[in-house]
Amino acid sequence: MSKIKKFSSFILNLFILTSFTGYGDEISILEPTALMKHETKWLVQALEQAHYNKVKIQDLNASKFLNSYLKKLDPQKIYFTNSEVELFHKNITPTIITYFKQGNLYPAFEIFGKYQSNAVSRLDSALEMISEFRLVESNETYLFDRTKAIWSANKEQLDLLWDKLIRHGVLNELVNTVDSNKSYPNKEILNGLVSDAQKVLNDRYTRWRKNILEFESEDVQEIYLSSLTQCFDPHTTFMNLKEKEKFDQAMNNEFVGIGAVLTDVDGFCTIKELLPGGPAEACRELEPEDIIIKVAQAEGPFVDVVDMKLSKIVDLIKGPKDTIVRMEIKPIKSPTTTKIISIVRDKIKLTDKLANASIHMVEHENKNHKFGVIELPSFYGSAGKGPKATDDVEELINVLKKENIEGLILDLRRNGGGYLSEAIDLAGLFISRGPVVQVKNTDGKIRKKFDFDPKLVWNMPLILLVSRQSASASEIVTGALKNHKRAIVVGDKSTHGKGTVQSLLQMNLPFNFMQSAKKGSAAKITIQKYYLPSGESTQIYGVKSDIVLPSVNEFLPIGESDLDNALEWDSIAPVNHRRTENEFVYDMDNVEEIQKRSLDRQKMAPEFDYIHQNIEIFKDRKNKKNAVLDLAVRLQDKIQDTNSTDQLNDLYDSFDGISFPKKEIKLRIVEDQLAKSRVARGEIDLETNSSIEEEYTKPDSLDIRLHESLRIMSDWLSIREKSQISGTPFSEIKEI
């Protein structure tokens, strides 16, 4: 008998699913489609032909892959036993590579079927355990983060684990409810609190169970194939149609729909927010907290969406531009009635994810300075007339220049990357000409990408504010401007460390599967590594800050080095380049003096004492791996935690008055959208509004790292001014 036939026999014997759960819900046995077979074969071919490391499916570590898939399904190791996992490895790993070559996804679906059956059975038992919970004194502990734990040896050990899990869950709810300023509650109050905790946990596990039952074939396929791609590197992923749409929306900051944010509240599709200027707001018949009961397409029949999976409801409401969707609504203002509304779908611009700016008035050495701050959430772009990061930043800089700012801070702390082309163009706003990045292909060929546009949009002091979350395109801009000695980098010790380039490959559908040119899966595959003009890679190590600010990020697993299968660091030859005479460049002696001043402040300023205390509290809590399953002990721990947190919050609140006054600046597109929103709400007539706030106001809370960056900019201007008085030139021409 062949290995595949043995495997099929093993599957039939091992994975017999019950048709109904203990609560009467039918488990839908999911199966792969014919299209999925084609997609899998296409993905394997795309990986072998396009991936930077020239991967071969034959070289796949089947055991490592299977562990990755099981980890995605059961990260806390609460559904499978070690004996089940060993059986998977014994019977499945020998055939995995063969099945991938054939495009066969049966291993994925059979393992998922076992997972779903185990999970629903466990959750049914958990619901009974919750209802039977009784408080008892105990010195037992529960390991609450089991991602690195071993699998339970057998069902009996897993039973004990679940007993602890449920007790831990109920105790957590009790601890969250009990006022830490009061003594241990009496029996009557405690019984009521236990009942409340049981209800909260019952609702949570019921939703959890419902989510597992609502898995679809496409979800299983996406998890399984992404487990495959991420065996080669962490940024190579498979995208089914739904994931591809999410990716496009995030990159382009726009989509076609009604302009409403939806959420699931106990099985009811509830409107959480109306996006400014969107059709949902413009119709003036919807409010946040309204409930959507039914959905219909134009004159088609209504579909009941109560208890429907939220992603399916979104699919019903979304559709082509200029088409009609009808909805039956239960208004929050009149919950005993319903009404039917019709909305014409339109293109929605996600303006809250675009660049924004502010002007800060900073007093330093008895002088007032105006500094501009631009926050760029991502390097977004669009193939058409949609928003582009470089254009938006240039627009904001031009507005800031009219306000006579003396220095500019580009805030990239939360910028995880985006389009490579936008990174190159944006770096060009700050240099006249020169290299921005070098890109090495899988064949070893290196291409040098330059900014050839001599236009300088900003040619004065520039600070880049970064963090460990600043990744990819953010690191290209940061590294290039640091190499050019154009900007001082301030923030965490280094950026994220992602030095790879991905390309989105659209799957070519065979004729018998064609629906439309835009419908189909895709793969985001690592095809290149990039290097700074200096030849250094940012991979793993990122771009180091010139001035380091203390941060809890240093102790979080959020860098490239924390990801499995990350590509290695290396370097290539630098690009020799001579700057033009009129380009701003900082003096290293000045930077050293600025570093010294900032370090002196960090030793003395109370806000940095707050950061250090916060770091120590985080490290202490991070080191606690187990929770005691006793209410009295947990309440005592809560009192200690609350006291330390309250003291820290009091210290932070004392900083409210030290923020520098600022006023906001909006992009024209954002102001236009807000104007439409005001018209839709009947507040004002449509008119041109200034993109700049009238008055300076102090922020409600202190952004400590931005605040220090503004002080660093003040120091920089002060040092440059003294250099000018002494006759020292501001900049010089050097080769890099």
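Residues numbered from 1 in each chain as written. Predicted model: local features only at pLDDT ≥ 70, side-chain atom pairs only at ≥ 80, totals over all residues. Heavy atoms only, no water.

## With respect to the sheet that holds strand E12 (residues 367-375)
As a reminder of what qualifies: Being paired, for any two strands, means DSSP has found at least two bridges between them. Secondary structure counts use DSSP, requiring at least four H or I residues in a row for a helix and at least two E residues in a row for a strand, with both numbered from the N terminus. In this description, contact between two residues means that some pair of their heavy atoms is separated by no more than 4.5 Å. All axes are obtained by fitting lines to C-alpha atoms, using only the stretch in contact for helices, and the reported angles, taken between N-to-C directions, cover 0 to 180 degrees.
With respect to topology, seven strands assemble into an open sheet ordered E20-E17-E16-E13-E12-E11-E22, the strand pairing being mixed. Single-partner strands in this sheet number two, and they are strand E20 (547-548) and strand E22 (662-665). In terms of strand pairing, E12 meets strand E13 (residues 407-411) through five bridges, oriented parallel. Bridge pairing in E13 links Phe371 to Gly407. Across the sheet, helix H14 (residues 473-483) touches strand E16 (462-466) and strand E17 (488-491), and the angle it forms with E16 is around 145°.

## Concerning the nonpolar core
Stated formally: Side-chain atoms within 4.5 Å link the members of a nonpolar core, which is a set of buried Ala, Val, Leu, Ile, Met, Phe, Trp, Tyr and Cys residues. Exposure classes here rest on a 1.4 Å probe applied to the protein chains alone. A residue is buried below 20% of its type maximum, exposed above 50%, and partly exposed in between.
Membership of the largest hydrophobic core comes to 74 residues, with the highest contact counts inside it found for Leu60, Tyr69, Phe100, Ile111, Trp162, Tyr205 and Leu228. Broken down by element, the residue count for this core peaks at eleven residues, all from helix H5 (residues 106-131). Residues contacting Leu60, with those up to four places away along its chain left out, are Phe65, Ile96, Ile97, Phe100, Leu228, Cys231 and Phe232. Judged by nonpolar contacts, the second largest core, of 45 residues, contains Ala355, Leu408, Val457 and Ile665.

## Topic: the environment of Phe65
Along the chain, the position of Phe65 falls in helix H3 (residues 62-73). With relative accessibility at 0%, the residue Phe65 sits in the buried group. Separated by 20 residues in sequence, Phe65 and Gln45 have C-alpha atoms that sit 18 Å apart. In contact with Phe65, other than residues within four places in its own chain, are Leu60, Ile96, Phe100, Tyr224, Ser227, Leu228 and Cys231.

## A closer look at a positive patch on the surface
Our working rule: A patch is a set of surface residues, each over 30% in relative accessible area and not in a salt bridge, joined within 9 Å for like charges and within 5 Å for the nonpolar side chains Val, Leu, Ile, Met, Phe, Trp and Tyr. Accessible surface area values rest on a Shrake-Rupley calculation with a 1.4 Å probe, where residue burial reflects the displayed protein chains alone. The salt bridge definition used is simple: a Lys or Arg side-chain nitrogen within 4 Å of an Asp or Glu carboxyl oxygen. Positive charges come from Lys and Arg alone, negative charges from Asp and Glu alone, with His and the N- and C-terminal ends not counted. The atoms used to mark charge sites are NZ of Lys, CZ of Arg, CG of Asp and CD of Glu.
Among the surface-exposed residues, Lys71, Lys72, Lys148, Lys622 and Lys625 lie close enough to one another that they form a single positively charged patch. Mapping Lys622 onto the fold places it in helix H16 (residues 606-623).

## Concerning the state of the cysteines
Here is the idea: a disulfide is a covalent bond, and it sits between the sulfur atoms of two cysteines. Where we set the bar: To count as a disulfide, a pair of cysteine sulfur atoms needs to be within 2.5 Å.
In this structure the tally under the stated criterion is zero disulfides. Here Cys269 stays free of any disulfide, with the sulfur of Cys283 as its closest cysteine sulfur at 15 Å. The exposure class assigned to Cys283 is partly exposed, which follows from its relative accessible area of 22%.

## Observations regarding the confidence of the model for the chain
For the record, the criterion: Confidence of the predictor at the level of single residues is given by pLDDT, which spans 0 to 100.
Overall, the predicted model of the chain reaches an average pLDDT of 89, with 92% of residues at or above 70. In this model residues 511-518 is a low-confidence stretch, pLDDT under 50, and it forms seven contacts with partners more than four residues away in sequence or in other chains.

## Re the pairing of strand E14 (residues 434-441)
Of all eight residues that make up E14, eight are buried, and the element is covered over most of its length. Both E14 and strand E19 (residues 522-531) contribute to a ladder of four bridges, which runs antiparallel. Looking across to E19, one finds that Val439 is bridged to Tyr530.

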